[in-house]
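In case you want the letters, here they are:
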Amino acid sequence: MILSKIYLEALIQNDRKRIEMIYEECYPPIKAFILNNSGNQEDAKDIFQKALLQIAMRYKRETFEITGDFQIYLFAVCRNLWRREINKSKRKVTNREVGNIYIEETDSALALLEQKREELFTEKLTLISENCKKVLSLYFSKIPYSEIVKTLNYQSETVVRQRVFKCKKKLTELIKSDKRYLSLKEL
Amino acid sequence: MNLEEDIWIERFLKDELSESEEKDFRERMSSDTEFREKVAFERQLFETLNQEDWSFAETGASVEFEAYKALFQSDEARNINQTISEVIDKHQGTSKVRNLRKWIFYPVAAAITLVAVLFGVDHFGRSSEELYVSYLDKSDLPSFSTRGDDITQKELLTAQSYLNNKQYDKAEPILSNALESGYEDGALYINLAICQMQTQKYDKAESTLNMLIASNLLDGEKGYWYKSLLYLAIGKTDKSKEALNSIIDNSYFNQEAAKELLEELE
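Residues numbered from 1 in each chain as written. Chains lettered and ligands numbered in written order. Predicted model: local features only at pLDDT ≥ 70, side-chain atom pairs only at ≥ 80, totals over all residues. Heavy atoms only, no water.

Right, let's talk about the overall build of chain A for a bit. Counting its regular elements, chain A contains nine helices and zero strands. Starting at the N terminus, the α and β elements of chain A follow one another as α-α-α-α-α-α-α-α-α. Relative to its 187 residues, chain A shows a buried fraction of 53%. Restricting to contacts in chain A with at least 6 residues of sequence separation, those with at least 24 account for 64%. (Helix = DSSP H or I, 4+ residues; strand = E, 2+ residues; numbered from the N terminus. Buried < 20%, exposed > 50% of the residue type's maximum accessible area, 1.4 Å probe, protein only. Contact = heavy atoms within 4.5 Å.)

This next bit is on the pattern of salt bridges. By the definition in use, this model includes 40 salt bridges over all chains. Among the salt bridges present, the one from Asp-178 of chain A reaches Lys-124 of chain A, with a minimum N-O distance of 2.9 Å. Residue Asp-178 of chain A is found in the loop between helix H8 (157-176) and helix H9 (179-184), and its partner Lys-124 of chain A is found in helix H5 (residues 104-125); the two are separated by 54 residues along the sequence. Comparing Asp-178 of chain A with Lys-124 of chain A shows no difference in burial state: the two are buried. Note that Glu-130 of chain A is salt-bridged to Lys-133 of chain A, the shortest N-O span being 2.9 Å. Separated by three residues within a single helix, Glu-130 of chain A and Lys-133 of chain A lie in helix H6 (residues 130-140), roughly one turn from each other. Glu-130 of chain A gets classed as exposed once you look at its relative accessible area, which sits at 52%. By sharing partners, the salt bridges in this structure join Arg-161 and Lys-168 of chain A together with Asp-6, Glu-10, Lys-14 and Glu-42 of chain B into a single network. (Salt bridge = Lys/Arg side-chain N within 4 Å of Asp/Glu carboxyl O.)

All names here are of chain A. Mapped onto the elements, Glu-25 comes out in helix H2 (residues 16-35). With relative accessibility at 32%, the residue Glu-25 sits in the partly exposed group. Placed 46 residues apart in sequence, Glu-25 and Gln-71 show a C-alpha to C-alpha distance of 7.5 Å. Not counting residues up to four positions away in its chain, the partners in contact with Glu-25 are Tyr-7 and Gln-71.

With that settled, consider the packing of aromatic side chains. Tallied over the entire structure, the rule returns 19 aromatic pairs over all chains. On the numbers, 6.2 Å between centres and 75° between planes, the contact of Tyr-59 of chain A with Phe-64 of chain A is edge-to-face. Residue Tyr-59 of chain A shares its accessibility class with Phe-64 of chain A, and that shared class is buried. Measuring from ring centre to ring centre gives 5.2 Å for Phe-25 of chain B and Phe-35 of chain B, while their planes differ by 65°; the resulting arrangement is edge-to-face. (Phe/Tyr/Trp six-rings, centres within 6.5 Å; stacked < 30°, edge-to-face > 60°.)

Taken by themselves, the reported measurements are silent on function.
So this is what it looks like as structure tokens:
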């Protein structure tokens, strides 16, 4: 997508005019998503800003390609940053935190690598069979085995369990055989 | 990894192990590096591919991490960040004015209501249409999931913009096409039904909501709530009460609002 490349270049060149175009085109649905998911205006601004900076720094280092629409990609990054924000409160304190306050650049770098991992896992999920996708989608959504049996017309929970195991094994093989996994493995 | 081990790890991640089982599990993790790595990977899979969770990095010890950290600390990053911030602030100035108008409206409306009550004006006993508008306004509309092919995702984002601007007639055909092309999403059904209600296509709205209720989607039960509002819009109060009673009896979505609305109807 040529427009994606234009926007990526605009970000690392600090092209204000094009960054305004990105804002006008992309901000409203992102704001709507965050407001509809327990966020407020300040959260929406914050997430949008973090997402654009994250994309800029990633492009600066990797010159990666967005295969689809820039707007959709940015939305996905914002959605994940918001997921991350909401889940921060559930985390236990680790020895990386100093007085519960992260250095912002550390947090940004980690968020970026977590985003890359999410993209890799999600991409590989699309490569498994349709049946495996359905089973694993329900499994990862924490749907009980008894309900997966009914929804997908399996014979028993044992059969579902075996199917989940086989599908996960396939997914795991796809992820671990990708060279991108090696750099993310240490996370 | 064999199936038994997989089950053991799954039970650990779901907090289903007994105290003694968990003790054994943790001992195995502390002494078996390979096992520990398997657990970590399974946890990452679960937290990443579950839309409610997020997989946080456990450590920043990698070359890539250090490189990105340095980039984020650079002057270049600061300058780009500053520009983005200024662009957002410039546009937020406009939206702040819009919000201010909205926040003037609601206190005035509240004051008018208070005066009406003090002077004995009966502002209860609202018509079914008034109740429809009031409760639809209070309902938080769900956002679409972004899985699906690029064309569908782009179209749905366009539809979302139309919905935000209450251009229901423009959003409706996009949502209808997405549904017909097999895109299954609870939020899609709900937003389509609302577009149909707001453009007086009540029969279609009813069909849409029935399809939602009959689907295997987790949002399926939300169909009852929106059906109750649909029936209010067309003055079928009895049918609305039926839907509300279903919600209350089955503890479906928006049970408290259903009780409140039922009380108003009765």
